[in-house]
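Observations on the three-dimensional arrangement
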Amino acid sequence: MTTNWIKKRERKNEVKRRAAEPSSMFSRCRVVGCGRPARAGTNDGLDTRFCRQHADHYSRHGSPYRRSYTAKELAAYRKAAVAWLEANAENQWVRNAFDRVETLYRTAGPQVEAFRLRGLSPEARAKAAWARLRKAKIDPRNVVAAWFAVEMVIAADPQADRKSEYKRVQVAKLVHRMASGTHKRWETGPGGVQELHVYPRSRGQVLRHIGGDIEKATALLLQKVALPTTPIRTHKMEITNDR
């Protein structure tokens, strides 16, 4: 056994032991209206803020109470964002954002099949996601447009969760779906075909890392544009003067 493996096992056992000892200090989930205890108040985990249901919702969506936007809800915003980026493709700040996404592709390292992701850190899983996008030849414009679309839909939603984490997760989920999973097909004999489809889970810290990468890639561009609040007005976006 390696030293690292032994440390991981000891850490896992310690967390398991602590999780099995409920604390009466955490008797309520922090989501308003939820009467369930936080996970640390049960023998189901160490989360001191949320019950299991809201902790899982938070992991998947970036908010303990707001759901993710559907593809239908985002469609008009994505279309408008792509159209604007195409119309302004020669602008230096637009090119900068595209180049930064290309850099994420180049520095992602070798592709890792979806069924080999188990055991990797969230950072490594995020890099694997960028490698999948690179292999699938996803246009950087679509990645940048995803951030624009989420910015616009949140601005237009009076009940939106406006925390940065929620925005990062929403963008990451959108981009994650552009090239998600490993798909293989092979012959098993005369007339026989077998297929394998494995999809990485779209939840947890990996989404925060992917969203953070996109946020950094688009930061300069977003400083230079007057972002509209509806897709109808997207063609009126203007680049501000350099400062």
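To be clear, the structure that these remarks concern was listed above.
Now for a description of the structure that goes with this document. (Residues numbered from 1 in each chain as written. Predicted model: local features only at pLDDT ≥ 70, side-chain atom pairs only at ≥ 80, totals over all residues. Heavy atoms only, no water.)

**Description of the side chain of arginine 208**
In this fold, arginine 208 is placed in helix α8 (residues 205-224). In this structure the side chain of arginine 208 is engaged in a polar contact, spanning 3.0 Å, whose partner is the backbone oxygen of glycine 204. Not counting residues within four places of it along the chain, the set of residues in contact with arginine 208 comprises Tyr58, Ser59, Gly62, Glu165, Arg168 and Val169. (Helix = DSSP H or I, 4+ residues; strand = E, 2+ residues; numbered from the N terminus. Polar contact = N/O pair within 3.5 Å; in protein donor to acceptor, adjacent residues only side chain to side chain. Contact = heavy atoms within 4.5 Å.)

**A look at helix α4 (residues 92-106)**
Helix length check: α4, at 15 residues, gives a terminal C-alpha distance of 21 Å against a target of 21 Å (1.5 Å per residue), a fit within 8%. Among all positions of α4, only Trp93, Val94, Ala97, Phe98, Val101, Leu104 and Tyr105 are buried. Along the axis of α4, the buried positions cluster into a sector of 150°, meaning they face one direction only. Looking at the packing, one finds that the buried side of α4 touches α3 (71-87), α5 (122-135), α6 (140-156) and α8. Between a side-chain oxygen at the N-terminus of α4 and the backbone nitrogen of tryptophan 93 the separation is 2.8 Å; the capping residue is asparagine 91. (Expected span 1.5 Å × (residues − 1). Buried < 20%, exposed > 50% of the residue type's maximum accessible area, 1.4 Å probe, protein only. Arc of directions from axis to C-beta.)

**Notes on the pattern of salt bridges**
By the definition in use, this model includes eight salt bridges. For the salt bridge of glutamate 215 with arginine 168, the shortest nitrogen-to-oxygen distance reads 2.6 Å. Of this pair, glutamate 215 sits in helix α8 while arginine 168 sits in helix α7 (residues 164-176), placing them 47 residues apart in sequence. A relative accessible area of 26% means that glutamate 215 is categorised as partly exposed. Through salt bridges with shared partners, a single network forms among Glu86, Asp139 and Arg141. (Salt bridge = Lys/Arg side-chain N within 4 Å of Asp/Glu carboxyl O.)

**Considering the nonpolar core**
Membership of the largest hydrophobic core comes to 48 residues, with the highest contact counts inside it found for Trp130 and Leu221. The set of elements that each furnish at least two residues to this core consists of α3, α4, α5, α6, α7 and α8. Looking at which element gives the most residues to this core, the answer is α6, with eleven residues. Counting seven residues, the second largest nonpolar core, distinct from the first, contains Cys29, Val31, Cys34 and Phe50. (Core = buried A, V, L, I, M, F, W, Y, C linked by side-chain atoms within 4.5 Å.)

**A word on the packing of aromatic side chains**
Inspection of the entire model under this criterion finds four aromatic pairs. With a centroid separation of 6.1 Å and an interplanar angle of 50°, the aromatic rings of tyrosine 105 and tryptophan 130 are classed as tilted. One end of the pair, tyrosine 105, is in helix α4; the other, tryptophan 130, is in helix α5, with 25 residues separating them in the sequence. Comparing tyrosine 105 with tryptophan 130, the two get one shared label, buried. (Phe/Tyr/Trp six-rings, centres within 6.5 Å; stacked < 30°, edge-to-face > 60°.)

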